[in-house]
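Here are the chains, one letter per residue:
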Amino acid sequence: MTLFRTLALGAGMVGLLLSTAHAEGLQGKIIGFSQIGSESGWRAAETSVTKAEAEARGIDLKFADAQQKQENQIKAIRGFIAQGVDAILVAPVVATGWEEVLTEAKEAEIPVVLLDRGIEGPEDLYLTSVASDQVKEGRVAGEWLAGTVGEAQCNIVELQGTVGSSPAINRKQGFEEAIAGKANLAIIRSQTGDFTRSKGKEVMEGFLKAEDGGKNICAVYAHNDDMAVGAIQAIKDAGLKPGSDILVVSIDAVPDIFAAMVAGEANATVELTPNMAGPAFDALQAYWDAGTEPAKFIITESKLYTPADDPQGEYERRKDLGY
Amino acid sequence: MTRQTVDLRPNGQPPVPRPRPVAQVLMRPQVIALAAVLGVNWLLFPGFFSITWQDGRLFGSLIDVLNRGAPVAILAIGMTMVIATKGVDLSVGAVMAISGAVAATLVSAGVSAPVAVLAALAAGLLCGLWNGVLVTVLEIQPIIATLVLMVAGRGVAQLITEGTIVTFSDPVLIFIGTGAFLGLPMPVVIALVLMVAATLIVRRTALGLLIEAVGVNRSAARFAGLSAGAFLVAVYAFAGVCAAIAGLIVAGDIRGADANNAGLWLELDAILAVVIGGTSLLGGRFSIPMAVLGAIIIQAMNTGILISGFSPEFNLVVKAAVIVAILILQSPHAALLVRRLRGLQSGAGK
């Protein structure tokens with residue numbers, strides 16, 4: 001272990017020397033990226049966007065897929081340290097158990113940036129973390145709906161994510177914050193659709209039957225786009241027009257929701273950007289060029305997309321990202 | 001749920017079902033349970049039984065129950081046979097994902113829909129044969145043999161779809177999932193046809209008896225001259241094809257193959273449906289229509305929870321409570337208790 005540490009430290013030093021030899025910018029930097037895996041379309045998109053962002057900046061990205069296992073991530077990070085990379089990006093699969101390996105990186109003076117998820121442990125183990133604010137995502141969706149319906153009475157049905165998962169809890173909370181105090185807006189039904197299309201469709205079918213064939217529902221808020229796509233089909237099966245008879249607002253901004261917007265069947269989506277690496281690279285560049293210590297938590301933008309934002313173009317831009 | 005073993009003695013009673021009085025069928029615990037669940041749904045939502053005609057098809061909560069219950073019912077038809085042979089098939093959910101992935105990927109690549117459907121069914125058959133060979137030739141315990149495909153199968157499906165949800169707009173595939181025939185949703189029609197056909201085949205021929213014989217005692221069945229191995233392979237293959245049909249339905253329903261989620265945990269619902277239907281996990285006596293009824297009970301409960309307006313945190317608790325109640329209702333001890341209580345009452349009345 002000591003030998004390994006010494007080696008790693010040595011390799012880190014070499015990396016440090018190499019990095020100072022380069023001119024400004026990230027051209028030629030070697031950055032390791034330990035990705036969780038490819039369990040969802042969004043994750044696949046994050047991987048491909050990270051690779052594209054690295055290529056655009058001339059970074060030599062070392063990619064390691066951990067296949068959902070922390071031990072693989074720890075191995076990959078040790079490998080990066082041994083290789084003497086300039087920086088390490090980690091999308092941690094779980095929140096705990098990182099102190100030892102990140103201390104090794106710190107001793108090797110390799111900055112670590114956390115992507116998408118946080119960890120429990122001392123904050124000085126990593127340079128910064130880039131993640132979205134899930135509560136804000138829900139709030140943006142809620143504010144859009146409140147702004148769109150104005151003073152009209154609007155009964156909302158909610159398709160929640162998997163019960164107990166943090167995006168489901170946070171996106172629910174944010175939405176409720178946004179519509180709190182508006183007497184004309186009320187969530188009349190809320191059930192879990194497990195973040196999937198088929199459950200989203202099934203739950204929406206139930207809601208439509210229970211609310212007078214859907215005549216009593218003015219909007220559906222889905223915690224992700226997939227459930228919204230399922231709900232749209234259920235609304236059509238019930239003989240109503242999604243997008244006009246029932247408003248559809250959801251979160252994620254995957255390509256298929258833009259296809260639905262093109263067809264006039266979805267009204268708004270809040271982007272969970274797969275570009276977590278871009279802000280991470282920017283922070284690293286500022287850190288190296290000017291010595292600027294970045295904020296500990298960089299929050300990505302939760303951008304709202306509506307049919308006014310060129311859904312066809314957004315669909316084309318996203319469809320090959322691996323969603 | 002008393003276990004009735006098959007009597008192979010020449011002068012034993014034939015296990016061919018005799019026509020039973022309607023009242024006796026209606027007094028079955030499964031029928032009572034379904035009536036109770038539907039009754040509760042009706043109390044929660046008075047419009048539960050209202051069925052209207054819309055866009056050339058029946059429309060209503062009751063139709064939803066049948067439609068949404070159809071995939072599990074189809075899985076349960078195959079699962080009943082497997083369980084009757086004292087086996088179990090954990091891979092059916094993953095096979096659903098594979099079948100949907102095969103069909104969706106092929107039609108997206110421009111292959112005609114009938115070919116894609118046949119390929120999906122063939123994939124299901126192949127998966128079933130794989131399970132059957134592991135169980136019979138390699139003599140691996142069914143729960144482990146099928147666990148292999150349960151875990152690996154989802155990976156195979158993800159490889160086929162390359163990790164994305166493959167969407168399609170092929171009218172034939174969509175019809176399988178969402179179409180209607182004589183006003184009934186296509187999944188219901190498919191499940192019904194499959195149930196009647198499977199029941200007739202096992203009950204009007206000796207097949208059912210032979211399957212039960214293999215389940216009760218495989219060695220004895222073999223000594224009696226049955227090629228038990230061939231039966232087992234055939235039964236697993238049939239379960240694979242059933243899973244493939246269910247996979248086509250759920251893919252057609254959402255117009256896409258979702259390898260991550262299609263059929264996820266449905267193998268457990270299918271096993272539960274079979275058990276609610278009164279088939280013992282120890283093999284032997286089985287009933288396909290009762291397993292289908294079990295699937296409908298599960299779905300009636302799911303739909304009831306959806307329209308009840310309970311918060312989703314209670315979903316699993318409610319489901320568990322109802323299932324425990326149904327299983328207690330079916331247990332021989334409960335039946336004994338009821339008989340004793342009746343005996344006491346009549347004794348007290350004298």
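One structure accompanies this document, and this report is about it. On a predicted model such as this, the values are computed, not experimentally measured, just so you know.

Considerations on the overall build of chain A
Thought 1: Helix and strand content of chain A: eleven helices and twelve strands.
Thought 2: Dimensions of chain A along its principal axes, counting C-alpha atoms only, are 70 × 35 × 35 Å.
Thought 3: Long-range contacts, defined as pairs at least 24 residues apart, comprise 75% of the intrachain contacts of chain A with a sequence gap of at least 6.
Thought 4: Per element, the accessible surface of chain A, about 12,700 Å² overall, is 52% carbon and sulfur.
Thought 5: Taken as two groups, the 29 positive and 47 negative side-chain charges of chain A have centres that lie 3 Å from each other.

Comments concerning the packing of aromatic side chains
Each aromatic ring pair is specified by the distance between its two centres and by the angle formed by the two planes.
Residue and element names in this part refer to chain A.
Thought 1: Within this structure, the stated rule accounts for four aromatic pairs over all chains.
Thought 2: Where Phe258 meets Tyr305, the ring centres are 5.4 Å apart and the plane angle is 90°; that geometry is what we call edge-to-face. Of this pair, Phe258 sits in helix H9 (residues 255-262) while Tyr305 sits in strand E12 (residues 304-305), and the two are 47 residues apart along the sequence. Considered together, Phe258 and Tyr305 belong to a single accessibility category, that of buried residues.
Thought 3: Here Lys29 stacks its cationic end above the ring of Trp288, 4.2 Å away from the centre of that ring.
Thought 4: When the ring centre of Tyr305 is taken as reference, the NZ or CZ atom of Arg318 above it lies at 5.1 Å.

A look at the pairing of strand E7 (residues 185-192) of chain A
Residues and elements named next belong to chain A.
Thought 1: The sheet contact formed by strand E6 (residues 154-160) and E7 spans seven bridges and is parallel. For Glu158, the partnering residue across the bridge sits in E7 and is Ser190.
Thought 2: A crossover connection joins E6 to the parallel E7 through helix H6 (residues 166-179); in handedness this β-α-β unit is right-handed.

Concerning helix H8 (residues 186-204) of chain B
Side chains of residues three or four places apart in an α-helix project in the same direction, reflecting 3.6 residues per turn.
Thought 1: In this model, H8 of chain B (19 residues) spans 26 Å end to end at C-alpha, consistent with the 27 Å of a helix rising 1.5 Å per residue.
Thought 2: Burial in H8 of chain B covers these residues: Met186, Pro187, Val188, Val189, Ala191, Leu194, Met195, Ala198, Thr199, Val202 and Arg203 of chain B.

Looking at the environment of Gly294 of chain B
Residues and elements named next belong to chain B.
Thought 1: On the secondary structure map, Gly294 appears in helix H13 (residues 288-308).
Thought 2: For Gly294, a relative accessible area of 0% corresponds to the buried category.
Thought 3: Sequence separation between Gly294 and Ala273 is 21 residues, and the spatial gap between their C-alpha atoms is 4.3 Å.
Thought 4: Non-local contacts of Gly294, meaning those with residues more than four positions away in its chain, are made with Ala273 and Ile276.

Here we look at the interface of chain B and chain A
Thought 1: Each partner contributes residues to the interface: chain B has 28 residues there, and chain A has 27 residues.
Thought 2: In total, chain B and chain A occlude about 2,300 Å² of area from one another, counting both sides; carbon and sulfur atoms represent 51% of this.
Thought 3: Seen at the junction of chain B and chain A, the total is three salt bridges.
Thought 4: The set of elements that each furnish at least two residues to the side of chain B that touches chain A consists of helix H3 (61-84), helix H11 (228-254) and H13 of chain B.
Thought 5: Of the residues contributing to the side of chain B that touches chain A, the split by class is nine nonpolar, 13 polar and six charged.

Digging into helix H14 (residues 315-330) of chain B
Residue and element names in this part refer to chain B.
Thought 1: Between its terminal C-alpha atoms H14 stretches 23 Å, which fits the 22 Å expected from 16 residues at 1.5 Å a residue.
Thought 2: The set of residues buried in H14 consists of Asn315, Lys319, Ile323, Ile326 and Gln330. When H14 is viewed along its axis, its buried side chains cluster within an angular range of 60° and face the same direction. Seen from the buried face of H14, the exposed residues on the opposite side, beyond 90 degrees, are Val317 and Ile328.

Re the sheet that holds strand E9 (residues 247-252) of chain A
All names here are of chain A.
Thought 1: Strand order in the open sheet made by the six strands is E7-E6-E8-E9-E10-E12, with mixed pairing throughout. Looking along the sheet, the strands with just one partner apiece sit at the ends: E7 and E12.
Thought 2: Lying over the sheet, H6 contacts E6, E7, strand E8 (219-222) and E9, oriented at roughly 170° with respect to E7.
Thought 3: Strand contacts of helix H8 (residues 225-237): E6, E8, E9 and strand E10 (268-271), with the helix running at about 160° to E9, the strand carrying the most contacts.

Definitions and limits used
- Residues numbered from 1 in each chain as written.
- Chains lettered and ligands numbered in written order.
- Predicted model: local features only at pLDDT ≥ 70, side-chain atom pairs only at ≥ 80, totals over all residues.
- Heavy atoms only, no water.
- Helix = DSSP H or I, 4+ residues; strand = E, 2+ residues; numbered from the N terminus.
- Contact = heavy atoms within 4.5 Å.
- Areas by Shrake-Rupley, 256 points an atom, 1.4 Å probe, with all protein chains shown as cover.
- Lys, Arg positive; Asp, Glu negative; His and termini not counted.
- Charge placed at Lys NZ, Arg CZ, Asp CG, Glu CD.
- Phe/Tyr/Trp six-rings, centres within 6.5 Å; stacked < 30°, edge-to-face > 60°.
- Buried < 20%, exposed > 50% of the residue type's maximum accessible area, 1.4 Å probe, protein only.
- Lys NZ or Arg CZ within 6 Å of the ring centre and 35° of its normal.
- Pairing = 2+ DSSP bridges.
- Right-handed = clockwise from strand over helix to strand, strands pointing away.
- Expected span 1.5 Å × (residues − 1).
- Buried area = accessible area lost by both parts, 1.4 Å probe.
- Salt bridge = Lys/Arg side-chain N within 4 Å of Asp/Glu carboxyl O.
- Nonpolar A, V, L, I, M, F, W, Y, C, P; charged D, E, K, R; others polar.
- Arc of directions from axis to C-beta.
- Axes fitted to C-alpha atoms, helices over the stretch in contact; angles between N-to-C directions.

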